[in-house]
Structure formats: structure tokens, C-alpha cells
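# Structure at a glance
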Amino acid sequence: MDNHDLENEEAMDDHVMSSLETPMRDDAFALSDDEKITIIEGHFREIMHTLGLDLKDDSLKGTPHRVAKMYVKEIFSGLHPDNKPHARRFENKYKYNKMLVERDITVYSSCEHHFVPIIGKAHVAYIPNEHVIGLSKLNRIVQYYARRPQVQERMTMQIASELKQALQTENVAVLIEADHLCVMSRGVNDVSSSTITAEYSGLFEQEAYRTEFLGHIRTKR
């Protein structure tokens, strides 16, 4: 590989995002899930065939369908707005006005540049005003934005934006710690590094609140 090719390869490895919104075509949902599965299954069968795999083998013949179904129904299910969790707001009857932290939320996402896993933890916090939401909705919001091709910076900002809208407050913090298989299993092959991204708004822009939040998520169980 010459220097020009190496520069191009490194440029393609740059983890840049184009906007806060996940890039989607206007007709992204014209096809049903079943139609998408059928099309992806055919394309993935061609990929396997091109790689020289024997699709008549008992272990491999069902793989194209399994992968297609996994893409549509599981790991990329967050692309479809119908799967967005409904975060019902409840009146803050207890007048709780301190920090609420949900930490160590499992994150399974996919790098949108190489379609390999991003695996980590999300920590979210908010200080309520008039409303609160169920704790499980915090997890579901994280999972919804993780289950799509992602850039970690965008995912962090999307989760924060959704929490602010759901909770009707600016007092939100999101921090994600993750390992990227596109770094670990290919390219630079670095298995020891990890990536941290954070988004703070409202009261969390003040150092005292950020320090309290970080203290909560670093405390051992």
C-alpha cells in the first residue's frame, strides 16, 4: 500500500458525523420489515457467495436469513420511528429536585463506517422540574438510539436531546464509555483504548453538578 492509499484508508477511519440526525433517505420506510428482510437476505447471500463460502453447508445455508432478520428486527431496529419508546411523563408529586442517576446502562451499537459493534455503558442523569418518567424508559431511550448504525458522538447527543424533550427539562447529563471493534479488531488493532463522550446541559454545565454526577458513576457498587 503506497502513501496515497494509506492516507485514504486513514481518512475513511476518521469517525466524523455529518449531523445530529441519523442520515436517512426520504423513502426509508416505504418497504415493510418483511420486504427489507427478503432484500437483505438476497444481498447477504451474494456477499457470502463472493467470499467463496458454500451456502449448501448446513451451518451456513440459513445465515443470510438470520443476518437479515437480525439487522431489521434487532441491531438496527432503532432506525424505525415506530420502535421509539413512549416515555410517559408523570407529575413530580414528591417534588424531588435533586439528581437522579441511572448508570451502567448496556450499550450495544454498530459503527456506521464499518458495521462492526460498539459495546459499552451509558450513564444518564437529570434533575426534574414538574415531571418524571419511569426508570426503564431511560434504558429504552438509550437502547433505541444505540440500535442503529452510529457515531458515538451523535448517539450521546441524540440521547441527551430525547431526554430533554421527554422530561421537559434542560437539566440532563449523558456520558458513554465504549469499545469500538473497528479500532480493536481491524485497522490499528488497539484492544486497550476506549472512547468516552459526554453531553451536559442546564445545571450540569456547572462544575459542581458535573462533579457530583461523575462521582456517582465512579462510585463502586
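Residues numbered from 1 in each chain as written. Predicted model: local features only at pLDDT ≥ 70, side-chain atom pairs only at ≥ 80, totals over all residues. Heavy atoms only, no water.

## Examining the domain arrangement of the protein
Under the domain assignment used here, the protein contains domain 1 (3-82) and domain 2 (90-218). Computed from C-alpha atoms alone, the centre-to-centre distance between domain 1 and domain 2 is 25 Å. (Domains from an automatic or database assignment.)

## Quick look at the UniProt feature "binding site: Zn(2+)" (unreviewed entry) in the protein
Under the local residue numbering, the UniProt record ascribes the feature "binding site: Zn(2+)" (unreviewed entry) to Cys111, His114 and Cys182. Judged by maximum C-alpha separation, these annotated positions cover 72 residues in sequence but sit close together in space, the widest gap being only 7.2 Å. Of note, Cys111 is situated in strand β2 (residues 100-111). With respect to the helices and strands, the residue His114 is situated in the loop between β2 and β3 (117-126). (UniProt positions renumbered as here; feature names shortened; annotations may be inferred. Helix = DSSP H or I, 4+ residues; strand = E, 2+ residues; numbered from the N terminus.)

## Observations regarding the environment of Thr197
Looking at the secondary structure, you find Thr197 in strand β7 (residues 195-200). In the structure, Thr197 is positioned 44 residues away from Glu153 in sequence and 6.1 Å away in space, judged by C-alpha atoms. Thr197 has contacts with Gln152, Glu153, Thr156, Val174, Leu175 and Ile176, leaving out every residue within four places of it along the chain. Of note is the side chain of Thr197, whose polar atom sits 3.0 Å from the side chain of Gln152. (Contact = heavy atoms within 4.5 Å. Polar contact = N/O pair within 3.5 Å; in protein donor to acceptor, adjacent residues only side chain to side chain.)

## Re the pairing of β2
Inspection of the sheet shows β2 paired to β3 by nine bridges, in the antiparallel sense. Looking at the pairing, Val107 lines up with Gly120 of β3. (Pairing = 2+ DSSP bridges.)

## Some points on the packing of helix α2 (residues 33-50) against helix α3 (residues 63-75)
Across the interface, α2 lies against α3 with an axial gap of 8 Å and an inter-helix angle of 135°. Put simply, α2 runs oblique to α3. Seen along the crossing, α2 lies across α3 with a hand that is right-handed. Touching Asp33, Lys36, Ile37, Ile40, Glu41, Phe44, Arg45 and Met48 of α2 are Thr63, Pro64, His65, Val67, Ala68, Lys69, Tyr71, Val72 and Lys73, all from α3. Tallied by class, residues from the contact of α2 with α3 come to nine nonpolar, two polar and six charged. (Axes fitted to C-alpha atoms, helices over the stretch in contact; angles between N-to-C directions. Parallel < 35°, antiparallel > 145°, perpendicular 65-115°, else oblique. Left-handed = near helix turned anticlockwise from the far one by under 90°. Nonpolar A, V, L, I, M, F, W, Y, C, P; charged D, E, K, R; others polar.)

## So, α2
Its 18 residues place the ends of α2 26 Å apart at the C-alpha level, agreeing with the 26 Å of an ideal helix rising 1.5 Å per residue. Next to the buried residues of α2 lie α3. Positive backbone phi, at 95°, marks Gly52, one or two positions downstream of α2. (Expected span 1.5 Å × (residues − 1).)

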